[in-house]
Amino acid sequence: MYKTILLGNIGKDCVVNTVNGKSVCNFSVAQTEKYKDAQGTQHEKTRWFDCALWRDSTSIAQYLKKGTKVLLEGQIDVKQFQRQDGTQGVGMTFRVSNLTLLGGNKEGQQQPAGQVQNDVSVSEPIDDLPF
């Protein structure tokens, strides 16, 4: 068993889906790394993660809005698939086991009162997944 930790901003509002009778909250998270090269030039590299939070209750979905800063713990699932043109592709999904809403948006501004509760944590065992 391994654990991956991801700190970033939600890139698009959460969408709730049902798969095999289980509810899943799907959303994307952007993580930006800032660094300087040997010449001192500032660079940014953004990585996007498709995230899946499997829950019996999807009430957390209302707080998973674009721009909200989140701290996620979980595992990365890698799956191969066949594209429409017949070539093989690889997809990654961050399977969230623990989520902490840190509040505010990517510019550090607080969300309007009542939209996001700061430091809300959600934990669920990952053994209960439908696959």
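Residues numbered from 1 in each chain as written. Predicted model: local features only at pLDDT ≥ 70, side-chain atom pairs only at ≥ 80, totals over all residues. Heavy atoms only, no water.

**Q** When you look at the nonpolar core in this model, what are you seeing that I'm missing?
**A** Soluble globular proteins tend to bury their nonpolar side chains together. One finds F27, L64, L72 and L99 to be the most contacted residues of the largest nonpolar core, which totals 19 residues. At the level of secondary structure, the elements contributing two or more residues to this core comprise β1 (4-19), β2 (22-36), β3 (42-55), β4 (69-82) and β5 (88-101). Broken down by element, this core gets its largest block of residues, four residues, from β5. Once residues within four sequence positions are removed from consideration, L72 is found in contact with T4, I5, L6, F27, V29, C51, F94, V96, N98 and L99. (Core = buried A, V, L, I, M, F, W, Y, C linked by side-chain atoms within 4.5 Å. Buried < 20%, exposed > 50% of the residue type's maximum accessible area, 1.4 Å probe, protein only. Helix = DSSP H or I, 4+ residues; strand = E, 2+ residues; numbered from the N terminus. Contact = heavy atoms within 4.5 Å.)

**Q** Would you mind going over the pairing of β3 with me for this structure?
**A** Walk down a regular strand and you will see the side chains alternate between the two sheet faces. Here β2 pairs with β3 via 14 bridges, running antiparallel. Each residue of the ladder has a partner; that of A30, found in β3, is W48. In this antiparallel pair of consecutive strands, β2 and β3, the connection spans five residues, and G40 shows a positive phi of 85°. Bridge analysis of β3 against β5 gives two bridges, and the strand direction is parallel. Across the sheet, residue C51 finds its bridge partner in β5, namely F94. (Pairing = 2+ DSSP bridges.)

**Q** Looking at this model, I keep getting lost on the state of the cysteines. Mind explaining?
**A** By definition, a disulfide is the covalent link that joins the sulfur atoms of two cysteine residues. Under the definition given, this model contains zero disulfides. Left without a disulfide partner, C14 is nearest to the cysteine sulfur of C25, which lies 4.0 Å away. Residue classification places C14 among the buried positions, given a relative accessible area of 15%. (Disulfide = S-S within 2.5 Å.)

**Q** Just to check I follow, could you spell out a nonpolar patch on the surface for this structure?
**A** Taken together, the side chains of V78, V90 and M92 present a nonpolar region at the surface, about 290 Å² in accessible area. Structurally, V90 is set in strand β5. (Patch = residues over 30% accessible without salt bridge, like charges linked within 9 Å, V, L, I, M, F, W, Y side chains within 5 Å. Areas by Shrake-Rupley, 256 points an atom, 1.4 Å probe, with all protein chains shown as cover. Salt bridge = Lys/Arg side-chain N within 4 Å of Asp/Glu carboxyl O.)

**Q** Looking at this model, I keep getting lost on the pairing of β4. Mind explaining?
**A** Across six bridges, β1 lies against β4 in antiparallel orientation. Looking across to β4, one finds that I5 is bridged to E73. Across 13 bridges, the pairing between β4 and β5 is antiparallel. Directly across from F81, in β5, lies its bridge partner G89. Remark: five residues form the turn of the hairpin made by β4 and β5, two consecutive strands paired antiparallel; G86 in that turn has positive phi of roughly 95°.

As far as function goes, none of this settles anything; it's purely spatial.
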